[in-house]
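Commentary on secondary and tertiary structure
One letter stands for each residue in the lines below.
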Amino acid sequence: MLTKSHITAEELYQTLRKIKVGGTVCTYSYKKCEEFVPLINEINDLKEQKNAVILVHSYVSPEIIYGVGDFVGDSYKLAKDALSTKADIIVFAAVRFMGDTAKILNPEKAVLIPGLLDGCTLADSINGAQVRELKKQFPKHTFVCYINTTAEVKAECDVCVTSANVYDIVQNIPNDKIYFLPDKLMGLNLKREMARRGVTKDIQFYSGTCYVHEEYSSEQIKNIRLEYPDVKVVSHPECKPEVCETSDFVGSTAQMLHYMKKSRDKQFLMLTECGLSSRLQAEFPNKRLVGSCTLCRYMKSNTLQDILRVLKDPTDRDRVIIDEQMRLRALKSIQAMFRYAEQN
Ligand code: 13P
Ligand code: SF4
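Report follows, based on the coordinates. These numbers were taken from a predicted model, which means no experiment stands behind them.

On to the overall build of the protein chain, then. Assigned secondary structure in the protein chain consists of 15 helices and 12 strands. Taken over C-alpha atoms, the radius of gyration comes to 20 Å for the protein chain, in line with the 20 Å a tight globule of 344 residues would show. Over its C-alpha atoms, taken along the principal directions, the protein chain stretches across nearly 60 × 55 × 30 Å. Restricting to contacts in the protein chain with at least 6 residues of sequence separation, those with at least 24 account for 67%. Just so you have it, the protein chain exposes about 14,500 Å², and 50% of that area is on carbon and sulfur atoms. With 47 positive and 44 negative side-chain charges, the protein chain shows a spacing of 4 Å between the two charge centroids.

Following this line, the structure appears as structure tokens:
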């Protein structure tokens with residue numbers, strides 16, 4: 001993302017001024033860019049001095065993505081980036097469980113979390129003790145956890161998945177009994193997709209939801225299609241099945257971006273967190289985004305000020321610390337994901 005370590009307010013403004021969908025939080029004036037630039041340049045100097053990299057999820061605010069991000073993407077790509085970096089310090093601007101995954105893969109590196117709000121409605125919906133109880137109830141099932149879970153939950157499960165690979169991995173697991181957790185809506189979409197592919201498996205799932213994606217409805221899609229008959233509707237698998245069924249494409253945030261990039265169409269409705277729409281507007285200004293989008297309070301709790309603070313003087317709370325036994329058990333489920341994902 002970042003092409004050089006020092007940028008000017010004019011350069012930042014030229015990228016961010018194209019962002020319009022999402023209200024005042026997602027719009028940028030030249031003055032706002034002038035305020036960001038000293039912080040951005042100080043962070044980039046510190047990164048060089050400390051051999052640090054900044055990993056940023058696409059939902060995080062654009063001034064972070066385009067100002068200081070070294071790696072930007074969906075949760076699968078960021079896990080792979082965390083595995084490949086040679087830096088001594090990883091600053092993970094996203095949500096805590098993504099930072100946990102980076103630490104599970106890199107026990108020798110310092111992983112720092114600038115986001116002030118720990119958690120995510122999915123990751124908070126289930127803990128390790130609850131998974132242990134479920135395993136007693138479903139002893140023959142393979143336990144598949146979404147990456148949006150804590151290290152403690154990953155340690156109890158067999159295979160981790162992300163929205164980019166959940167369908168292919170579940171199809172390839174050599175067991176016809178699957179317990180998927182924690183996302184109920186993704187579980188319903190998974191059942192539907194397996195039926196569509198002719199794969200017969202007993203799929204049980206938990207009751208968690210993402211508060212951002214569960215808001216969207218097929219009624220909203222209907223109304224947008226009336227107003228913009230040529231619009232392509234693109235949704236994330238954390239949305240309700242009725243939403244996914246009426247969308248033109250369903251995929252992870254990176255797959256949504258790729259779909260838009262490759263498409264010859266001009267108008268899109270992106271049913272996911274606003275940060276992705278911001279990225280798309282900045283990177284593909286000739287395509288038009290219609291409708292609205294919603295903010296994730298956890299992802300948006302990352303700021304340039306806190307990135308600078310954790311790089312300068314991290315507290316215990318900013319550092320990811322995982323018990324070694326738990327890390328090794330959680331690592332197995334993540335390694336199983338990489339093995340299955342690379343089979344395809
Ligand atoms: P992606 O893996 O598609 O980026 O999704 C992560 C997430 O938190 C979606 O809400
Ligand atoms: Fe969690 Fe939803 Fe936010 Fe993604 S968008 S981090 S699933 S609350």
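Attention now goes to the pattern of salt bridges. Here the structure, examined in full by the defined rule, presents 25 salt bridges. Each of Arg-96, Asp-118, Asp-306, Arg-309, Arg-317 and Asp-318 takes part in one network of salt bridges that share partners.

All residues in the neighbourhood of ligand 2 are listed as Tyr-59, Cys-120, Thr-121, Leu-122, Asn-148, Cys-210, Tyr-211, Val-212, Glu-238, Cys-296, Tyr-298 and Met-299. A majority-of-atoms criterion places ligand 2 in the largest cavity. Among the residues forming the shell around ligand 2, the class breakdown is 9 nonpolar, 2 polar and 1 charged.

If you check the shell around ligand 1, you find His-57, Tyr-59, Asp-74, Ser-75, Tyr-146, Asn-148, Ser-163, His-213, His-236, Glu-238, Ser-252 and Thr-253 and nothing else. Separating an oxygen atom of ligand 1 from a side-chain N or O atom of Ser-75 is a distance of 2.5 Å. Contact with the protein chains removes 96% of the 310 Å² of surface that ligand 1 exposes when unbound. One can see that ligand 1 is located within the largest cavity.

Attention now goes to the side chain of Lys-47. Along the chain, Lys-47 falls in helix H2 (residues 30-50). A distance of 2.8 Å separates a polar atom in the side chain of Lys-47 from the backbone oxygen of Val-68.

This part covers the sheet that holds strand E12 (residues 288-289). If you trace the 4 strands from one edge of the open sheet to the other, you get E10-E9-E11-E12, paired in parallel fashion. The open sheet is flanked by strand E10 (249-250) and E12, the only strands paired with a single partner. Bridging between strand E11 (residues 267-271) and E12 involves 2 bridges; their strand directions are parallel. Looking at E12, one finds that Phe-268 is bridged to Leu-289. Across the sheet, helix H12 (residues 253-262) lies against strand E9 (232-235), E10, E11 and E12, angled at about 175° from E11, the strand it touches most.

Along the chain, Asn-189 turns up in helix H9 (residues 184-196). Residue contacts for Asn-189: discarding those within four places in its chain leaves Tyr-167, Pro-237, Cys-239, Lys-240, Pro-241 and Cys-244.

On to the packing of aromatic side chains. Enumeration according to the criterion identifies 7 aromatic pairs in this entry. Between Tyr-13 and Tyr-30, the ring centres sit 5.6 Å apart and the planes meet at 85°, which makes this aromatic pair edge-to-face. With Tyr-13 in helix H1 (residues 9-16) and Tyr-30 in helix H2, this pair connects stretches of sequence that are 17 residues apart. Note on Tyr-30: relative accessible area 33%, which makes it partly exposed. Feature note: the residues Phe-138, Phe-143 and Tyr-179 constitute an aromatic cluster, connected by ring pairs. Here Arg-297 stacks its cationic end above the ring of Tyr-211, 4.3 Å away from the centre of that ring.

Moving on: empty space enclosed by the protein. In the structure shown here, the tally under the stated rule is 2 cavities of 30 Å³ or more. Approximately 240 Å³ is the volume found for the largest cavity. Partitioned by chemical class, the residues of the lining of the largest cavity number 13 nonpolar, 9 polar and 3 charged. Considering only enclosed or pocket space, the second largest cavity measures out at about 40 Å³ in volume. If you trace the second largest cavity, you find it lined by Ser-75, Leu-78, Ala-79, Phe-92, Met-98, Thr-101 and Ile-147. If one sorts the elements of the lining of the second largest cavity by residue count, helix H4 (residues 75-84) sits on top with 3 residues. Of the residues assigned to the lining of the second largest cavity, the class counts are 5 nonpolar, 2 polar and no charged.

The rules we used
- Per-chain numbering applies: the sequence of each chain, read as written, is numbered from 1 onward.
- Chains and ligands are labelled by the order in which they are written, letters from A for the one and numbers from 1 for the other.
- Residue-level local features of this predicted model are given only where pLDDT is at least 70; pairs of side-chain atoms are given and counted only at 80 or more, and the full residue set underlies all totals for whole chains, interfaces and linings.
- Only hydrogens and water are set aside; all other atoms, that is, all heavy atoms of the structure, feed into the side-chain values.
- Each helix corresponds to a stretch of at least 4 residues labelled H or I by DSSP, and each strand to a stretch of at least 2 residues labelled E; elements are numbered beginning at the N terminus.
- We take the radius of gyration over the C-alpha atoms and set the globule estimate at 2.2 Å times the residue count to the 0.38 power.
- By definition, residues are in contact when any of their heavy atoms lie within 4.5 Å.
- Residue exposure ignores everything except the shown protein chains as possible cover, and the areas themselves are Shrake-Rupley values with a 1.4 Å probe.
- Think of it this way: Lys and Arg go in the positive column, Asp and Glu in the negative one, and His and the chain ends go nowhere.
- Where a charge lies is defined by one atom per residue type, namely NZ (Lys), CZ (Arg), CG (Asp) and CD (Glu).
- Throughout this description, the term salt bridge denotes a Lys or Arg side-chain nitrogen within 4 Å of a carboxyl oxygen of Asp or Glu.
- To be near a molecule or strand, a residue needs just one of its heavy atoms within 4 Å of it.
- Two kinds of site are reported from a 1 Å grid over the protein atoms alone, namely cavities, where a 1.4 Å probe fits but cannot get out, and pockets, open sets with protein on both sides within 12 Å along at least five of seven lines, and residues are called lining when an atom falls within 4 Å of a point.
- Occupancy of a cavity or pocket is assigned to a molecule whenever over half of its atoms lie within 2 Å of that pocket's grid points.
- Lys, Arg, Asp and Glu make up the charged group, whereas Ala, Val, Leu, Ile, Met, Phe, Trp, Tyr, Cys and Pro make up the nonpolar group; the residues left over, Gly among them, are polar.
- Side-chain atoms alone can form a polar contact between residues adjacent in sequence; in general such a contact is a pair of N or O atoms within 3.5 Å, and within protein one must be able to donate a hydrogen while the other accepts it.
- When DSSP finds two or more bridges between a pair of strands, those strands are recorded as paired.
- Axes here mean lines fitted to C-alpha atoms, for a helix over just the part in contact, with angles spanning 0 to 180 degrees between N-to-C directions.
- When two rings of Phe, Tyr or Trp (its six-membered ring) have centres within 6.5 Å they constitute a pair, described as stacked for plane angles under 30 degrees, edge-to-face for angles over 60, and tilted for the intermediate range.
- Burial classes: relative accessible area under 20% of the type maximum marks a residue as buried, over 50% as exposed, and values in between as partly exposed (1.4 Å probe, protein chains only).
- Lysine and arginine charges are scored as sitting over a ring when NZ or CZ, respectively, is within 6 Å of the ring centre and within 35 degrees of the ring normal.
- Grid points are joined across faces, edges and corners, and a volume is the space filled by probe spheres set on the points.

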